[in-house]
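# Descriptive analysis of the structure
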Amino acid sequence: MSEFHFVMVVLNSSEKGEKTQFIEELNRANDWIEFRTNTWLVWTKQSSKTWYRRLKPVLSTGDNIFVCAVNIDDRGGWMPKAFWDFVRAKTS
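Residues numbered from 1 in each chain as written. Predicted model: local features only at pLDDT ≥ 70, side-chain atom pairs only at ≥ 80, totals over all residues. Heavy atoms only, no water.

So, about helix α3 (residues 81-91). When α3 is considered as a whole, its buried residues turn out to be F83, W84, F86 and V87. In a view along the axis of α3, the buried residues occupy a sector of 155°, so they form one face of it. Seen from the open side of α3, the exposed residues pointing more than 90 degrees away from its buried face are K81 and A89. In this fold, the buried residues of α3 make contact with β1 (3-10), β2 (31-36) and β3 (39-44). (Buried < 20%, exposed > 50% of the residue type's maximum accessible area, 1.4 Å probe, protein only. Helix = DSSP H or I, 4+ residues; strand = E, 2+ residues; numbered from the N terminus. Arc of directions from axis to C-beta. Contact = heavy atoms within 4.5 Å.)

Quick look at the pattern of salt bridges now. Counted by the stated rule, this structure contains 5 salt bridges. For K81, the salt bridge goes to D85, with nearest N and O atoms at 2.8 Å. Of the two residues, K81 and D85 both sit in helix α3, 4 residues apart, roughly one turn of that helix. Between R88 and D85 there is a salt bridge, with its nearest N and O atoms 3.9 Å apart. Placement of the pair is R88 and D85 together in helix α3, with a separation of 3 residues, close to one helical turn. (Salt bridge = Lys/Arg side-chain N within 4 Å of Asp/Glu carboxyl O.)

Considering the arrangement of structural elements, one finds A29 in the loop between α1 (20-26) and β2. Its relative accessible area of 10% is what places A29 among the buried residues. Along the sequence, A29 and W78 sit 49 residues apart, while their C-alpha atoms lie 25 Å from each other. Discounting chain neighbours no more than four positions away, the residues touching A29 are V42, W43, T44 and W51.

Taken together, the 4 strands give an open sheet; going across it, the order is β2-β3-β1-β4, and neighbouring strands pair in antiparallel fashion. Since the sheet does not close on itself, it has two edges, and those belong to β2 and β4 (64-70), each with one partner. The sheet shows a mean angle of 20° between the axes of neighbouring strands, direction not considered. Against the sheet, helix α2 (residues 48-55) engages β1, β3 and β4, with an angle of about 155° to β4. On the sheet, α3 packs against β1, β2 and β3 and is oriented at approximately 155° with respect to β2. (Pairing = 2+ DSSP bridges. Axes fitted to C-alpha atoms, helices over the stretch in contact; angles between N-to-C directions.)

Below, the structure is given as C-alpha cells:
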C-alpha cells in the first residue's frame, strides 16, 4: 500500500540549480508534489530509508536531506489548492 513521505532537502552546495538527477529519482515514486522549494510530498510504497538511499547519492557534499513517513489522517493546515487536490486524490 502506498503512503505519503515528506522529503526536505537543504542545498548548501554550489550546484543549487541542478536538480535533474534528483527529480529523476523522485519520478520513481507513484507520484509527488513539490509544494515549496526543495520540499516534496511523495506518494510511494517504499520506505523512508529506501528514499534516503536513492536520493542521497544525487546530492552534493554539504547538502542535507530529511525523509519521513507522514500520517496524513492527522492533518490540518493552510496550503495552496494544488497541494490539497494532490492529497485528496490519493486519500479519497
